[in-house]
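Next come the chains, spelled out residue by residue.
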Amino acid sequence: MKIGIIGSGHIGGTLTRRLRALGHDVTVANSRGPQSLADLAQETGATAGTVEQAADQADLVVIAVPLLAVPGLPAELFEGKIVVDANNYYPQRDGEIPELLDRSLSSSRWTAERLKGARVVKAFNNIQALHLMESGRPAGAGDRIALPVAADDADAKRVVMELVDALGFDPVDAGTLDESWRQQPDTPVYGTDRDAAGVRQGLAEARP
Ligand SMILES: NC(=O)c1ccc[n+]([C@@H]2O[C@H](COP(=O)([O-])OP(=O)(O)OC[C@H]3O[C@@H](n4cnc5c(N)ncnc54)[C@H](OP(=O)(O)O)[C@@H]3O)[C@@H](O)[C@H]2O)c1
């Protein structure tokens, strides 16, 4: 696939490395511009681009930035695209956002409202970057970690679940964007590296 990655830090950098290793055509962008990504591009074979270049022409775009940066992204470029939302809301970093603080919206619903027309899929938000880098295992391995995947668009969700599997993790259908609070920070599946049964149980046991 042609994949754009917005954010080149812990999660964006990790997904650049892992998705390139699977042979995908990756363009990666950050806030400082392509010249700051020369080393990552050299290391991985990814293309260093602007945010616009990463989103343009991509079949799928990963957003791995502090949530506060989402409203400033060029929303029109994401229209109709599969957008993987790996972000989490941390008030101390992202500021006070009332509908997230009072949990009346999931953070992915909030993001989807700012990227109108994007086919938003929440995934990779609940695993530490280092484990995403190193803990992928072949299907059937006893120690395979499972990752929840939530979306309203069934086709987009299927594509991302296949990507999760290819990266070495068991994808678990975690429902819709409105249900995706069940994989946010402070829930049983957040950072706990559970297997598929454990993720299903954790999603069911999550409390608002
Ligand atoms: N760290 C983890 O293990 C982990 C795990 C799961 C989910 N997450 C979530 O994933 C998101 C990213 O976390 P992270 O740890 O990868 O953060 P990080 O290491 O601080 O990296 C953030 C990246 O976002 C880029 N960025 C910031 N504003 C931008 C903008 N306006 N346009 C384009 N790029 C922009 C930064 O660009 P520069 O490099 O130019 O500053 C940087 O590359 C967060 O929402 C976090 O909560 C993190």
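Use the structure listed above.
Below you will find a few notes about this structure. Think of each chain on its own: its residues are numbered from 1, step by step along the sequence as written. The predicted origin of the model limits local features to residues at a pLDDT of at least 70 and limits the giving and counting of side-chain atom pairs to 80 or more, whereas totals for whole chains, interfaces and linings rest on all residues. The basis for every side-chain value is the complete set of heavy atoms in the structure, and neither hydrogens nor water enter the calculation.

Details of the nonpolar core
To be explicit about the condition: The term nonpolar core refers to a set of buried residues drawn from Ala, Val, Leu, Ile, Met, Phe, Trp, Tyr and Cys, joined through side-chain atoms within 4.5 Å. Burial classification: accessible surface area is computed with a 1.4 Å probe over protein chains only, and a residue below 20% of its type maximum counts as buried, one above 50% as exposed, and the rest as partly exposed. Comment: elements are numbered from the N terminus, with helices defined as DSSP H or I runs of at least four residues and strands as E runs of at least two. We call two residues in contact when some of their heavy atoms are within 4.5 Å.
Ranked by internal contacts, the top residues of the largest apolar core, which has 34 residues, are Leu-15, Leu-60, Phe-124 and Val-160. Taken together, the elements giving at least two residues each to this core come down to strand S1 (2-6), helix H1 (10-21), strand S2 (25-29), strand S4 (60-63), strand S5 (82-85), helix H7 (129-134), strand S7 (146-151) and helix H8 (154-166). Sort the elements by how many residues they give to this core and H8 lands first, with 6 residues. If we ignore the near neighbours within four places in the chain, the residues touching Leu-15 are Ile-5, Arg-20, Val-62, Phe-124, Leu-132 and Leu-167. Listed in part, the 23 residues of the second largest apolar core include Val-51, Val-65, Leu-73 and Leu-115.

Notes on the site of the ligand
So the rule is basically this: Summary of the distance rule: residues count as near a molecule or strand when at least one heavy atom falls within 4 Å of that molecule or strand. What qualifies as a polar contact is a pair of N or O atoms within 3.5 Å, subject to a donor-acceptor requirement within protein and to the restriction that residues adjacent in sequence count only when both atoms come from side chains. Using the Shrake-Rupley algorithm and a 1.4 Å probe, accessible areas are obtained, with residue cover drawn only from the displayed protein chains. Each residue gets one of three labels, nonpolar for Ala, Val, Leu, Ile, Met, Phe, Trp, Tyr, Cys and Pro, charged for Asp, Glu, Lys and Arg, and polar for the others, Gly among them.
Contacts to the ligand come from 23 residues, most closely from Ser-8, His-10, Ile-11, Ser-31 and Arg-32. Ile-11 places a polar main-chain atom, nitrogen or oxygen, 2.8 Å from an oxygen atom of the ligand. Residue Asn-87 places a side-chain N or O atom 3.4 Å away from an oxygen atom belonging to the ligand. Here the ligand loses 76% of its free accessible area of 900 Å² to cover by the protein chains. Classifying every residue of the shell around the ligand gives 11 nonpolar, 10 polar and 2 charged.

Quick word on the sheet that holds strand S3 (residues 47-48)
The line we're drawing: If DSSP finds at least two bridges between two strands, the strands pair. To get an axis, a line is fitted to the C-alpha atoms, and for a helix only the part in contact is used. The angle between two axes follows their N-to-C directions and goes from 0 to 180 degrees.
Pairing is mixed in the open sheet, where 8 strands are placed in the order S3-S2-S1-S4-S5-S6-S7-S8. Two strands bound the open sheet, and with one partner strand each, they are S3 and strand S8 (170-173). Both S1 and S2 contribute to a ladder of 5 bridges, which runs parallel. From the neighbouring strand, Ile-3 faces S2, where its bridge partner is Val-26. The strands touched by H1 are S1, S2 and S4; relative to S1, the strand with the most contacts, the crossing angle is about 165°. Helix H9 (residues 196-205) rests against S7 and S8 of the sheet, and its axis sits at about 25° to S8.

Describing the environment of Thr-47
Structurally, Thr-47 is set in strand S3. You can call Thr-47 partly exposed: its relative accessible area is 42%. Between the C-alpha atoms of Thr-47 and Ala-204, which are 157 residues apart in sequence, the distance is 40 Å. Beyond its immediate chain neighbours, meaning those up to four positions away, Thr-47 contacts Val-26, Thr-27 and Val-28.

Here we look at the environment of Ala-204
Examined against the element boundaries, Ala-204 turns out to sit in helix H9. Between the C-alpha atoms of Ala-204 and Ala-141, which are 63 residues apart in sequence, the distance is 24 Å.

A look at H1
An α-helical turn contains 3.6 residues, so any two residues separated by three or four positions project in the same direction. Put simply, the test is: Each helix should span, by expectation, one fewer than its residue count multiplied by 1.5 Å.
The end-to-end C-alpha distance of H1 is 17 Å, a good match for the 16 Å that 12 residues give at a rise of 1.5 Å each. All of the buried residues in H1 are Ile-11, Gly-12, Gly-13, Thr-14, Leu-15, Thr-16, Arg-18 and Leu-19. Elements that come into contact with the buried residues of H1 comprise S1, S2, helix H2 (38-44), S4, H7 and H8. Looking at the residues trailing H1, positive phi occurs at Gly-23, about 95°.

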